[in-house]
Amino acid sequence: MPSDPLIRLEHVDKTYRIAETPTAVLRDVSLEIGAGEFVALQGPSGSGKSTLLHIIGLLDRPTAGRYLLRGRDVSGLSDDELSGLRNQSIGFVFQSFYLIPYATALDNVLLPGLYSPAPQHQLRQRAEHLLAQVGLADRMRHKPSQLSGGQQQRVALARAMLNDPDLILADEPTGQLDSKTSAEIMSLFAEVNANGKTIIVVTHDEETASHAKRRVLVQDGTIA
């Protein structure tokens, strides 16, 4: 493991209050992930793996412990600072795609560029290149309803890469796909990883996890 990992979690806890009752979701989680790794966070439903991914993705904050991203402690950053860092450094792919139904594939990929300082024509060229890279050069003008589930997930992956993030996080990215399409999507993730991107995939599926280079088992809110 590199001495200066991209991600370092130190004794992270996460507790939610549900009807005034504290519920511990993560307990004393310490984890390091180096730049360029392809890691699967694997575990059963309710194990805490998605909560862990949300903390890594700056969508949630730990209740206790520290999270260092590229050596920077992000625990005390403001919401605006977290939002800016998230938009610059992290791309997300989710199980349910989260595409805007009335927008074309190209316009969906361009969404993260709304807050980018890059010129719009450069972003558009990059979006077109990314859609071609994921095999959708002939589907750029199609809306989500005109695309298969696998094609929609390809759009979501292209969208995650628009701002050239260091880190791509995927939460059950094959959960709505058949086995053949799932394998195709995971092969795309492997290609993106081979080009230098760090990828973390949350999954309960053994076949999906097998595409990662390292597996981390999350069980009962801890790293097993």
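Residues numbered from 1 in each chain as written. Predicted model: local features only at pLDDT ≥ 70, side-chain atom pairs only at ≥ 80, totals over all residues. Heavy atoms only, no water.

A. A look at the pattern of salt bridges. Taken as a whole and assessed by the stated rule, the structure comprises 13 salt bridges. Asp 79 serves as the salt-bridge partner of Arg 61, at 2.8 Å between the closest nitrogen and oxygen. Taken together, the residues Arg 61 in the loop between helix H1 (49-56) and strand E4 (64-69) and Asp 79 in helix H2 (residues 79-89) connect sequence positions 18 residues apart. A relative accessible area of 57% places Asp 79 in the exposed class. In the salt-bridge network here, residues are joined through shared partners; they are Glu 10, Arg 66 and Asp 73. (Salt bridge = Lys/Arg side-chain N within 4 Å of Asp/Glu carboxyl O. Helix = DSSP H or I, 4+ residues; strand = E, 2+ residues; numbered from the N terminus. Buried < 20%, exposed > 50% of the residue type's maximum accessible area, 1.4 Å probe, protein only.)

B. Here's a closer look at the sheet that holds strand E2 (residues 21-33). Taken in spatial order, the four strands line up as E2-E1-E4-E5 in an open sheet, and their pairing is antiparallel. The open sheet has two edge strands, E2 and strand E5 (72-73), and neither has a second partner. Relative to E2, strand E1 (residues 7-18) runs antiparallel, the two sharing nine bridges. Bridge pairing in E2 links Thr 15 to Ala 24. Contacts between H1 and the sheet are confined to E1, E2 and E4, with E1 contributing the most and set at about 120 degrees to the helix. (Pairing = 2+ DSSP bridges. Contact = heavy atoms within 4.5 Å. Axes fitted to C-alpha atoms, helices over the stretch in contact; angles between N-to-C directions.)

C. The arrangement of the nonpolar core in detail. Among the nonpolar cores identified, the biggest contains 36 residues, and Val 93, Leu 131, Val 155, Leu 157 and Phe 189 are the most heavily contacted of them. Residues in contact with Leu 131, not counting those within four places in the same chain, are Ala 105, Leu 106, Val 109, Leu 136, Ala 137, Met 140, Val 155 and Ala 158. Counting residues in hydrophobic clusters, the runner-up holds 29 residues, among them Leu 52, Val 74, Ile 200 and Val 202. (Core = buried A, V, L, I, M, F, W, Y, C linked by side-chain atoms within 4.5 Å.)

D. Spotlight on the sheet that holds strand E6 (residues 90-94). Judged by pairing direction, the sheet is mixed, and its six strands sit side by side in the order E6-E7-E8-E3-E9-E10 without closing on themselves. Edge strands, defined here as strands with exactly one partner in the open sheet, are E6 and strand E10 (222-223). Taken together, the five bridges between strand E7 (residues 167-171) and strand E8 (residues 198-203) define a ladder with parallel strand orientation. Its bridge partner being in E8, Leu 169 is matched across the sheet by Ile 200.

E. View of the environment of His 129. As for its position among the elements, His 129 is in helix H4 (residues 120-133). A relative accessible area of 48% means that His 129 is categorised as partly exposed. In this structure, the C-alpha to C-alpha distance between His 129 and Leu 99, residues 30 residues apart in sequence, is 19 Å.

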